[in-house]
Each structure stands twice: as structure tokens, then as C-alpha cells.
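What follows is each chain in one-letter form.
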Amino acid sequence: MIRIDSVTKRYPDGTVAVDRLSLDIPDRSITVLVGPSGCGKTTTLRMINRMVEPSEGAILIDGVDSRQQPVNTLRRGMGYVIQNAGLFQHRTIVDNIATVPRMLGWSKDKARARARELMERVGLDASFAKRYPYQLSGGQQQRVGVARALAADPPVLLMDEPFSAVDPVVRKGLQDELLRIQAELGKTIVFVTHDIDEAVKLGTMVAVLRTGGRLAQFAPPAELLSDPADAFVEDFLGADRGIRRLSFFSSAGLELLTAPVVAIDATAEQIAARGAAESPYVLVTGLDGRPLGWSEPDRLTAGQIDVGRLLACGRPFVAGQDSLRAALDCAVLSPTGWAVAVDHEGRAAGVVSQDSIAEAIRGAHAAGREEPKTIKAGARKVIR
Amino acid sequence: MNVLNFVSAFFSDSAHWHGYDGIPTRLWEHVQYSLEALALAAAIGLPVGLVTGHYGRGGNVLSLFATAARALPTFGLLVVTTIVLGFGMLPVMIPLVILAVPPILVTTYEAVRSVDPSPVDAARGMGMREADVLLRVELPVALPLIFGGLRSAAIQIVSTATIAAYVSLGGLGRYIVDGLYQHDYEKVVGGAALVAGLALVTLALFWAAAKAAVSPGVRRST
Ligand SMILES: Nc1ncnc2c1ncn2[C@@H]1O[C@H](COP(=O)(O)OP(=O)(O)OP(=O)(O)O)[C@@H](O)[C@H]1O
Ligand SMILES: [Mg+2]
């Protein structure tokens, strides 16, 4: 475990970038440092690998002061990923990734074989191996940066706004990839961002820093959203904190109605029966069970349902897997105000109204309030 | 008679092609002086430029020194060194080296200093030793500019090495000095043409060397 113990950083010009910061960074999880620009995130991260030396306090790694070992030994045990990837433009992709293994004395062949393995792990096509960095897009370069940091299999990964220079679609891909890699490899990741959405998505624990380098709150993202420590954190979380919080509630508890669902080959009696159900609309599915669209029941004629005249049903949510946020989003976007739930194969599992989603949200909030466990600034709690 | 006639007359005279005053001998002498001066200047300029560029300090002192060195008239310097040291190789080498160090030193310093800081930061962050950061991360990227500095130093040396002849040494300057003395303009123009040709060959050699030494991943800035 990395323990930041009452660390202060005062730069030579007198700027206090970090002020008596204490954090316990749990092993094998993603700890996100988030906060407004200039609040000392980068400084904190760089003190962990001693790119910046603390003015006061200590950083302990598994209980040992990080100054006990030679600085380069320390750094070789921590992958480091920076904003613009910082690739070596004179080296091919495979040799960029092989850098640290080569520094550790691996043979060229072994280091390159390892590099190719990592390219696959971070989702880079093997055909990129012999290219140079300028021949890659920003997102691809960032994947190389991650692969290079992972090459010698360090237990710790330090990442400073690694995805902030790529467009939102690529960023989402990189974030999902990081979560997958983390699940597979179980690294201890310290991740800096100024994007609260990214923090909430990636963080097992999120540390919110305020300007002047003081800790405002250290908590799992769901708690951050439900119980912000003070007005600063609440403000930083933004106006849609309530909606965002719904991502942490499962859609599993939603009551799905199956009555208003008819297959495209339904008989007149079936349509009539469905039409009498609780919903003013029926959902028409194909023979394979996939949703095709909405219709009012009396506009449907048995045996000659015209798919082109159905109301589009939009993107459905996966029942039980997606969050209440996804379910609510589907309902809000649906022309009928009803969300379509599907199973993992994409077959319609039922429909649910905005009202019953709202009901589920109230229920989830009530359940969440029973166990407030926010870690306030200064307090310390170890999560394993 | 025009210049081209002088040139063709000079090169077609078979007397100019052998003996201690023949073209091969003089050319070889000139190449030797130039190489020697370039090697000395590089031995001073490259390490100092690399190290100061790496640490980003001493830029002001460097440019002051470079400006001062450029202001020294090479020929005047030759007179002084010859008076002080007598005839020989050393008094010729000193002005040539002083001529060549500033372009090497200043471009090397600038080349290293202008390397993108993020790969350097990444290299340090992964635990690379400081010497390796300089030699394996900064140098390969700075190489095209460094070659540019070496190239202009080499061209200046090749054209200025003619001064060796003023103090009784050989080289292509011999033709120019002797020709002027003997009012043999054929010789003067022939010698000048040889110097110009050698400068062009130098350019081509540096172009080829840079092409071979610089990684294709480094986009050339010259
Ligand atoms: N080398 C330095 N010398 C003096 N002050 C510095 C230095 N580096 C950073 N600072 C100052 O320390 C404070 C914290 O900087 P830091 O880079 O850690 O912020 P940050 O949270 O990473 O910001 P951003 O989100 O903009 O990257 C800032 O006020 C900054 O101006
Ligand atoms: Mg920063």
C-alpha cells in the first residue's frame, strides 16, 4: 500500500502546491486524484515516484519510506503515463514499449516479445509494431504509453491525465480498456484527472483536492455523489450529481411489464388482449424476440404489421446489467415515455414506465441513506 | 579570357596532376587539415553543447562566448598565433578551431534544449539514468540539428583552411597564394574551384551521414 503521510510540497518560489496531505492508497484498485486546475494533483502524483521531492512528510510504500531505495529502482517499479504519452519518436512502437525491460537487462528478443504481448493487451494491432510514433493517432499513442508503463509488470501505475488530449469517443474506449486491464492485472493505479465524470467512472476511491493542495474528501465515487463533504465538493461535482449517482444503482430491481409486448406474427386476439394491458402502447418484436418499435394497439392489423410505420424504440437497456441511469435515459428518450429492457441476447425482456423508474430511484435513495460512510477530509480509512 | 577558360586550362595541364605540388597531394593535405580542425572543434563543442543543453543552463555564457569567437578575424588570429608560436601546424589549427566551435556549440545546445520535454519526463519517470536520458532520448531527436551545426562548421573550415598556405603550409590555399604572387591567375582560379568543389563534396557527405544516422521516426527540421 502507498501511504501519503502528511506531505507538504513548497516549491522554491514559495508556492504551496500540496498542504499536509494524507492519503492511504489501497492496493489493487484505482485511486483517482481530482480537483480544479492547479490544485496540486500532478505534484502529488510526482511525489510518489520522487520526480518531485516532498518538503515535509513522507511517502511510505508497504510501510517503508520511499527514500530508502535508490530513486531509479523506485521508478522502475512504477509505470508512469503522462498526458501526451511522451513516446520516443526515434524508436519504433515495439522498442518504445520494450524500454524498461531493456533497462532492466532483458535480452532484445525477450523484451520485444513482451512488448508484442502488451500491444495485444492494450488493443493495438500487431501491424503497428514497426511503425514510428508519428504514424499513430493520439489515442493509439496513448495506448502505447500505457503498454510501455506496463512492460516490466510493475505493481504500481501512475497516470497523469492520460486521456485528456483525445476526443470523447476515443477517451471512453481508453477508459473501458483501463478498467479491463485493471480487472485482469490487479494493478495499484493512481490516476490524475480534472474530469469528475472520469473520476467517478474509473475510481475505486476518489480524492477531491481543493486549490492550495488540501484534501476536500476521500471516498468511493457513489458516496462522493450521495454525501459531498462540503459546498466545494458539491459544487465541483456539478449540477447533475443526482442523475450521475444513478449509475451506481442497478436496474435489477425494476418491475418489467411483459404484457404490452407482442410478436410481429401476433393474432388479432393477442393484440386485443395486449391492448387491454396497463400501457397505452404495445411493443412489437420480431420473431427472434428483438424489439422493433412501438404502436398504439388499434393501429395494428394482425398478419400485416408494417414495421416501417412503428414508432422507433431507440436504444434499450440491458435488464439487471445496466444502471438506473441507463434505464431512465432510455425512458426519457423513448417517444412513448416507456423504456425497453432487453436480455443479454438483445431480446425484449419487458417494458417499464418513467413512473416505475422514479419509484425505483426513490427506493434506492432510501436504502442508500441507511449507511452513510463517507470518509471526511483528514480521516483515514483503509479499504482492501 | 573568362574564368571558365582559366579553370579548364588549370585542370588540363598535366603538370598539375603529380608531384608535391600536384592536385592529389594538395587536396589530401587540405582534407587532412580540415578533418583535424573539425575533429578538434567537435571534441570541444559537442560535449559542452550536449551537457549545457541537457541541463538548460549556461545559454547566456555560451552565446556571449560564441559571439566573441565569431567577432575574431580568422586571418588576424593566424598572424598573432604565428608570431607567438612560430611556423607549424598549431598556429593554423587554433584559428580554424575557434572558427568552428561556435556553430557546433550553439546549435548543439539549442538542439538539445528544444527537444520535446514530455519524452524526457517520461524517461526520467521510468527510472532512466541521467546520462541515458541525454544520449538515448535527447540526442537521437536533436541529431538533425546537430548535424546541421557540424555541417556549417565543416564548410567554414574547408573554405578557410586555405590560410594555411600563408604560413608556408600546404593545402589548396597554396595555389591561390602562389598564383597571386606569381600573377598566375589560372592557378588562383583553379585553386578556388577546387576549394568550392571540396565544400560541395562536404555538403553531400553530411547529407548522407545525417540520412544514415537519424532515425526515420525523427522528422527532420532542416
Ligand atoms: N516547478 C514549479 N515551481 C513553482 N510552482 C509550481 C511548480 N510546479 C507546479 N507549481 C505550482 O504548484 C501548484 C500545483 O501545481 P500542479 O501541477 O500540481 O497542479 P495540477 O493540479 O496538476 O493542475 P492541472 O490540472 O492544471 O494539471 C500550481 O499553483 C502550480 O503553479
Ligand atoms: Mg497536472
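The notes below deal with the structure included here. Predicted model only: the values in this text are computed from it and were never measured.

Quick word on the overall build of chain A
Moving on, step 1. Within chain A one finds 14 helices and 16 strands.
Moving on, step 2. C-alpha atoms of chain A, sized along the principal axes, occupy 80 × 50 × 30 Å.
Moving on, step 3. Residue burial in chain A is summarised as follows: out of 384 residues, 51% are buried.
Moving on, step 4. A fraction of 62% describes how many contacts in chain A between residues 6 or more apart in sequence connect residues 24 or more apart.
Moving on, step 5. Here chain A has roughly 17200 Å² of accessible surface; of this, 49% comes from carbon and sulfur atoms.

Examining the interface of chain A and chain B
Moving on, step 1. At the junction of the two partners, chain A supplies 21 residues and chain B supplies 20 residues.
Moving on, step 2. Buried area between chain A and chain B, both sides added, is near 1800 Å², and the carbon and sulfur share of it is 61%.
Moving on, step 3. When the buried area of chain A at its contact with chain B is split by residue, A:Gln89, A:His90 and A:Tyr134 rank highest and sum to 31% of it.
Moving on, step 4. Along the contact surface separating chain A from chain B lie one salt bridge.
Moving on, step 5. Note that A:Arg46 and B:Asp121 form a salt bridge whose closest N and O atoms lie 2.8 Å from each other.
Moving on, step 6. Run the count over chain A and chain B and you get six residue pairs in polar contact (both at pLDDT 80 or more).
Moving on, step 7. At the level of elements, helix 2 (71–76), strand 6 (78–81) and helix 4 (99–103) of chain A are the ones that each hand at least two residues to the side of chain A that touches chain B.
Moving on, step 8. Among the residues making up the side of chain A that touches chain B, the classes are represented as 10 nonpolar, six polar and five charged.

Re the pairing of strand 2 (residues 16–25) of chain A
All names here are of chain A.
Moving on, step 1. Here strand 2 lies mainly inside the structure; seven of its 10 residues are buried.
Moving on, step 2. Note: strand 1 (residues 2–10) against strand 2, six bridges, orientation antiparallel. Each bridged residue has a counterpart across the sheet, and for Lys 9 the counterpart in strand 2 is Val 18.
Moving on, step 3. Here strand 1 hands over to strand 2 after five residues, with Gly 14 in that stretch at a positive phi of 100°.

Structural notes on the site of ligand 1
Residues and elements named next belong to chain A.
Moving on, step 1. Neighbouring ligand 1 are Tyr 11, Asp 13, Thr 15, Ala 17, Ser 37, Gly 38, Cys 39, Gly 40, Lys 41, Thr 42, Thr 43 and Glu 161.
Moving on, step 2. Gly 38 places a main-chain nitrogen or oxygen 2.8 Å from an oxygen atom of ligand 1.
Moving on, step 3. The contact in question runs from an oxygen atom of ligand 1 to an N or O atom on the side chain of Lys 41, over 2.8 Å.
Moving on, step 4. Broken down by element, the shell around ligand 1 gets its largest block of residues, three residues, from helix 1 (residues 41–48).

Here we look at the sheet that holds strand 6 of chain A
Residue and element names in this part refer to chain A.
Moving on, step 1. With mixed pairing, six strands are arranged side by side in an open sheet as 6-7-8-3-9-10. Edge positions in the sheet fall to strand 6 and strand 10 (214–219), since each has one partner strand and no second. Neighbour-to-neighbour, the strand axes of the sheet open up by a mean angle of 15°, direction not taken into account.

Some remarks on the pattern of salt bridges
Moving on, step 1. Applying the stated rule across the entire model yields 33 salt bridges over all chains.
Moving on, step 2. Taking the shortest distance from any N to any O, the salt bridge between A:Arg241 and A:Glu234 comes out at 3.1 Å.
Moving on, step 3. With a shortest N-O distance of 3.9 Å, B:Asp21 and B:Lys187 are connected by a salt bridge. With a gap of 166 residues between them, B:Asp21 in the loop between helix 1 (3–12) and helix 2 (23–55) and B:Lys187 in helix 9 (residues 185–213) connect regions that are remote in the sequence.

Section: the packing of aromatic side chains
Moving on, step 1. Scanning the model with the defined rule gives six aromatic pairs over all chains in all.
Moving on, step 2. Ring centres of B:Phe10 and B:Phe11 lie 5.1 Å apart, and the angle between their planes is 85°; on these two criteria the pair is classed as edge-to-face.
Moving on, step 3. Between the aromatic rings of B:Phe75 and B:Tyr166, the centroid separation amounts to 5.0 Å while the plane-to-plane angle is 75°, which identifies the pairing as edge-to-face. One end of the pair, B:Phe75, is in helix 4 (residues 74–85); the other, B:Tyr166, is in the loop between helix 7 (130–160) and helix 8 (173–181), and 91 residues separate them in sequence.
Moving on, step 4. Taking the ring centre of A:Trp106 as reference, the NZ or CZ of A:Lys110 above it sits at 4.2 Å.
Moving on, step 5. Positioned above the aromatic ring of A:Phe88 is the side chain of A:Arg148, whose terminal nitrogen or guanidinium carbon lies 4.7 Å from the ring centre.

What counts, and at which threshold
Residues numbered from 1 in each chain as written. Chains lettered and ligands numbered in written order. Predicted model: local features only at pLDDT ≥ 70, side-chain atom pairs only at ≥ 80, totals over all residues. Heavy atoms only, no water. Helix = DSSP H or I, 4+ residues; strand = E, 2+ residues; numbered from the N terminus. Buried < 20%, exposed > 50% of the residue type's maximum accessible area, 1.4 Å probe, protein only. Contact = heavy atoms within 4.5 Å. Areas by Shrake-Rupley, 256 points an atom, 1.4 Å probe, with all protein chains shown as cover. Buried area = accessible area lost by both parts, 1.4 Å probe. Salt bridge = Lys/Arg side-chain N within 4 Å of Asp/Glu carboxyl O. Polar contact = N/O pair within 3.5 Å; in protein donor to acceptor, adjacent residues only side chain to side chain. Nonpolar A, V, L, I, M, F, W, Y, C, P; charged D, E, K, R; others polar. Pairing = 2+ DSSP bridges. Near = heavy atom within 4 Å. Axes fitted to C-alpha atoms, helices over the stretch in contact; angles between N-to-C directions. Phe/Tyr/Trp six-rings, centres within 6.5 Å; stacked < 30°, edge-to-face > 60°. Lys NZ or Arg CZ within 6 Å of the ring centre and 35° of its normal.

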